[in-house]
Amino acid sequence: MQMQGSSTATTLDLILHLLPVLLLQSLSPRAFTSRWHSISSKLSHLQSSVSQIDAQSFSTQSNPLLQLLLPNLLSTLQKTHYLAQLCCGDPPSTAPTIGKLQLQSDLDIASSSISLHLHDLDLLLKSGLLSSTAAAIVLSHPASGSSMEDLAFFVRDVFARLQIGGLEFKKKALDSLLQLLHEDGLGDGKNVHVVSDEGDLQYLIHLLDAGNYPSFIREQAVSAVALLAAASDSAKRILFEEGALGPLLRLLESGSSAVKEKAAAAIYAITSDPENAWAISAYGGVPALVDACRSGSPATRTHASGTMMNVAAVEDVQHAMVEEGAVPVLVELLAAEGPTPGNAAKCLSILASCSDEFRVLIERENGLLRLLELLQETNNPDTLEHALRAIYALSPSPSTAKALSSSTAFLLRIAELIKQGNHILQQISASLICSLSLNDSSKLAFSSSMGSLVKMLELPKPVGLQEVAARALVSLLVVRANRKDFARDEKSITRVVLMLDPKKEGVCKKFPMMVVSALLLGGAGARKRLVADGACQHLQALADMEVPGAKKLLQKLTGNRLKNIFIRGWRD
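Residues numbered from 1 in each chain as written. Predicted model: local features only at pLDDT ≥ 70, side-chain atom pairs only at ≥ 80, totals over all residues. Heavy atoms only, no water.

Caption draft 1: Inspection of the overall build of the protein chain at higher detail. Along the backbone of the protein chain there are 34 helices and 0 strands. Compactness check: the protein chain gives a C-alpha radius of gyration of 37 Å against a globular reference of 25 Å for 572 residues, more than 25% above the reference. Along the first, second and third principal axes, the C-alpha atoms of the protein chain reach 140 × 50 × 35 Å. Across the 572 residues that make up the protein chain, the buried fraction comes to 49%. A sequence separation of at least 24 residues applies to 71% of the contacts in the protein chain between residues at least 6 apart. With an accessible surface of roughly 27100 Å², the protein chain has 51% of that area assigned to carbon and sulfur atoms. Across the protein chain, the centroid of the 52 positively charged side chains sits 14 Å from that of the 55 negatively charged ones. (Helix = DSSP H or I, 4+ residues; strand = E, 2+ residues; numbered from the N terminus. Rg over C-alpha atoms; globule rule 2.2 N^0.38 Å. Buried < 20%, exposed > 50% of the residue type's maximum accessible area, 1.4 Å probe, protein only. Contact = heavy atoms within 4.5 Å. Areas by Shrake-Rupley, 256 points an atom, 1.4 Å probe, with all protein chains shown as cover. Lys, Arg positive; Asp, Glu negative; His and termini not counted. Charge placed at Lys NZ, Arg CZ, Asp CG, Glu CD.)

Put into C-alpha cells, the structure is as follows:
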C-alpha cells in the first residue's frame, strides 16, 4: 500500500480495516507466542483509540498531528501484518527467508513502535485537541486578551507537538512556548499559570537530557524551565517534584555557555524555596556550583553564587563546600561586578555564623580584607547588608575583632551607615558597636551618629532595632566627651524625654531609661536639660505604674540634686 498522496481520512480507513485482521492473526501464531500475546493486547488498545478518533466529529485532514501520526501508524501495522503472516505460516510468495533471531528482533521493534503510537494517540485524545470545538480553532499564537480556554488549548497543542512531532515540530513548539512565557513578563502571570496547569512539565524536563536531543532543543527547553521557575511558585514546585534539579545540574556541568547560564538561573530559582535546598546535596551538585562560580560567565556566576547562598544553611552542603574549596572561590567573588559580590557575602555570612571552622577558613583566605574593601566600594543597599552581616558574623573571632576595632576607615563607614543607611544597615552597624571592644578614641568617631541612634529608638521595626540602638548609645556615652556632645543636642534630649512619656506607645520604656541613666554618669550637663524637659514627671508616672527601674532612676535624677543643695546650704 502506497501512503504518499493518501488523505488523512483515507489513511484512517485503511488502519480501521487492517486492525481487525491483525488482531485475528495475533491470536493464533505458530511462533513467538508470548510476544504475540503482548502485541495482541496493544493492538486491542490501539483499536479502541483509533475508533474514538473515527467516532469524533471533526475533519481529520485539518489536524497536522494526525497527518503526521496516522501514516506512520499505518506503516507500522503493515510491517506487523507481514510479520504475522510469517509467524502464522502463511508468508507472501515473494517473502525472503528470515532467520529466527532476525524475526524475533523485528517483532520487538514492532511491539515497541505500537507502544509509541498508543502513547501519542492517547495523548491527543486526553488533551482534547481532537474534540469538535478544538478542531474548529485555527492554531495561532494567543492574543493578549485571549480567554483561559483558548490559552489552555494552545498550551495543550504545544506540548502535544513536543511529544509527538519530530525535531522541527519540537523546535517550533518550543519557540511558541518561549514566546508565551516571555509575554508573561509584561502581563499578570496568566500564561505561566496555564502552562503549569495544562502543560506536561515532566516531558519538558525530559528534553533537558543531553543524550536524547540535540543542543538547540536542550537550549530552548532549559530557557523555558528557567522562565517557569522564576515566574511562579507553583511551577517551581512542580519542576522540583518532577526531578528538574538533576538534569539542570548536569547541564550546568557540561552544557554550552548559553545553556549553563539558563540552567544556573533555573537552579537559583528552584532553590530559592528553602524546602528544596537539601536536594543540591542529594544530587551531588556542589562541585558543579563551585566550578560555575569559579569559571562561568558573569551571569552564570551570579546565579550559581545565588544558589550557594540559598543552600549554604544545609549542613550536608556546608561539608561539601569545604571539600570542594568553595570558600576561596566565594572570597574571590567579592571583587566581581553586579549582584555576585552580595550573593557571595551572604553565603560567607551564613557559613561564618555556623562554626569557628568556617570563620578560620574565611580569615585564612583574606575574607575579612575583601569584605572591608567591598563595604567601602559599594553603595548598593543589599550588597552592603550582606557584607555587614558577614563582617558581624566574623567578629566573634579575636583577631577579626581586633582588626575591626583598630580600623579607622571601617569605624567611619559604620558611623556613616548609622546616619544615612536604611534601618537594616543601621541595626547591623549598631550591633557592631555593641559587639566590639572599642576604646574611647574609637567611640569618639561615632559622636555625630548619636542623634541617629536616638531616632532609631523610636522605630518599632525591624525587631531588635530599639534595643541595639539603646545598647550602642550606652556604650558611646561612657565617654565624657560624647556625653557633653549629647547634652548640647537639644533635639535628642527632647526625643529621649518624650519617649519616657507613658502615653507614647511603640517604645519600650527601658530603652530611653538606659540612655538617661548613661547620661547621668556625670560631667555632661545633661541633668538640667532632662529635668527642664519633664523627665522627672514621666519617670514619676512610670514609677507609679511600677515600671522596673523607674523609681531608682528618678531618685538618681533628683536625689543627687537635692543632696547638693543641702551640702551647699550647710557649707554656707
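Caption draft 2: Representation of the packing of helix 19 (residues 340–354) against helix 22 (residues 381–394) in the model. Two elements in contact, helix 19 and helix 22, have axes whose closest approach is 8 Å; the angle formed by their N-to-C orientations is 25 degrees. Between helix 19 and helix 22, the angle falls in the class roughly parallel. When the axes of helix 19 and helix 22 are compared, the crossing they make is left-handed. Contacts between helix 19 and helix 22 pair Gly 342, Ala 345, Lys 346, Ser 349, Ala 352 and Ser 353 from the former with Thr 383, His 386, Ala 387, Arg 389, Ala 390, Ala 393 and Leu 394 from the latter. Its residues assigned to classes, the contact of helix 19 with helix 22 comprises 6 nonpolar, 5 polar and 2 charged. (Axes fitted to C-alpha atoms, helices over the stretch in contact; angles between N-to-C directions. Parallel < 35°, antiparallel > 145°, perpendicular 65-115°, else oblique. Left-handed = near helix turned anticlockwise from the far one by under 90°. Nonpolar A, V, L, I, M, F, W, Y, C, P; charged D, E, K, R; others polar.)

Caption draft 3: The arrangement of the nonpolar core in detail. Core analysis: the largest hydrophobic core is formed by 150 residues, its most contacted members being Leu 204, Leu 248, Met 321, Phe 410 and Phe 486. For Phe 486, the contacting residues outside a window of four places in its chain are Met 450, Val 454, Leu 473, Leu 477, Ser 492, Ile 493, Val 496, Val 515 and Leu 519. Ranked by size, the runner-up nonpolar core spans 34 residues in total, among them Leu 12, Phe 32, Leu 70 and Cys 87. (Core = buried A, V, L, I, M, F, W, Y, C linked by side-chain atoms within 4.5 Å.)

Caption draft 4: Summary view of the environment of His 303. The topology assignment puts His 303 in helix 16 (residues 298–311). In sequence terms His 303 and Thr 378 are 75 residues apart; their C-alpha atoms lie 20 Å from each other.

Caption draft 5: Representation of the packing of aromatic side chains within the structure. Per the stated rule, a full pass over the model turns up 1 aromatic pair. Plain terms: the ring middles of Phe 240 and Trp 278 are 6.0 Å apart, the flat faces sit at 90 degrees to each other, and that makes the pair edge-to-face. Of the two residues, Phe 240 sits in helix 11 (residues 233–241) while Trp 278 sits in the loop between helix 13 (257–271) and helix 14 (279–282), which places them 38 residues apart along the sequence. On the basis of relative accessible area, Phe 240 is assigned to the buried category, the value being 17%. (Phe/Tyr/Trp six-rings, centres within 6.5 Å; stacked < 30°, edge-to-face > 60°.)

Caption draft 6: Region of the structure containing the side chain of Ser 40. Structurally, the position occupied by Ser 40 is in helix 2 (residues 33–55). Leaving out residues up to four positions away in the same chain, Ser 40 has contacts with Leu 23, Ser 26 and Leu 27.

Caption draft 7: View of helix 22. Between its terminal C-alpha atoms helix 22 stretches 20 Å, which fits the 20 Å expected from 14 residues at 1.5 Å a residue. Across the 14 residues that make up helix 22, a large majority, 10, are buried. Within helix 22 the residues assigned to the buried category are Thr 383, Leu 384, Glu 385, His 386, Ala 387, Leu 388, Ala 390, Ile 391, Ala 393 and Leu 394. Packing partners of the buried residues in helix 22 comprise helix 19, helix 20 (356–364), helix 21 (367–377), helix 23 (398–405), helix 24 (408–420) and helix 25 (423–435). The opening residue of helix 22, the one whose side-chain oxygen lies 2.9 Å from the backbone nitrogen of Asp 382, is Asn 380. (Expected span 1.5 Å × (residues − 1). Polar contact = N/O pair within 3.5 Å; in protein donor to acceptor, adjacent residues only side chain to side chain.)

Caption draft 8: Layout of the pattern of salt bridges. Summed over all chains, the structure comprises 14 salt bridges. For Arg 35, the salt bridge goes to Asp 108, with nearest N and O atoms at 2.8 Å. Note that Arg 35 is positioned in helix 2 and Asp 108 in helix 4 (residues 100–127), a separation of 73 residues in sequence. Its relative accessible area of 27% is what places Arg 35 among the partly exposed residues. One salt bridge in this structure joins Glu 385 and Arg 389, with 3.1 Å as the shortest N-O distance. (Salt bridge = Lys/Arg side-chain N within 4 Å of Asp/Glu carboxyl O.)

Caption draft 9: Up close: the packing of helix 6 (residues 148–164) against helix 7 (residues 167–183). In contact at an axis separation of 8 Å, helix 6 and helix 7 are set at 145 degrees when each is read in the N-to-C sense. Judged by the twist between their axes, the crossing of helix 6 over helix 7 is left-handed. Between helix 6 and helix 7, the residues in contact are Leu 151, Phe 154, Val 155, Val 158, Phe 159, Arg 161, Leu 162 and Gln 163 and Phe 169, Lys 170, Ala 173, Leu 174, Ser 176, Leu 177 and Leu 180, respectively. When its residues are assigned to classes, the contact of helix 6 with helix 7 shows 11 nonpolar, 2 polar and 2 charged.

Caption draft 10: Quick peek at unusual backbone geometry. Of note, the bond from Lys 461 into Pro 462 is cis; its omega dihedral lies within 30 degrees of zero at 0 degrees. Within the secondary structure, Pro 462 sits in the loop between helix 27 (450–457) and helix 28 (465–476). Within the chain, Asn 366 stands out as a residue other than glycine whose phi angle is a positive 65 degrees. Along the polypeptide, Asn 366 turns up in the loop between helix 20 and helix 21. Here the phi dihedral of Glu 546 falls at roughly 60 degrees; this positive angle occurs in a residue that is not glycine. Position of Glu 546 among the secondary structure elements: in the loop between helix 33 (535–544) and helix 34 (550–571).

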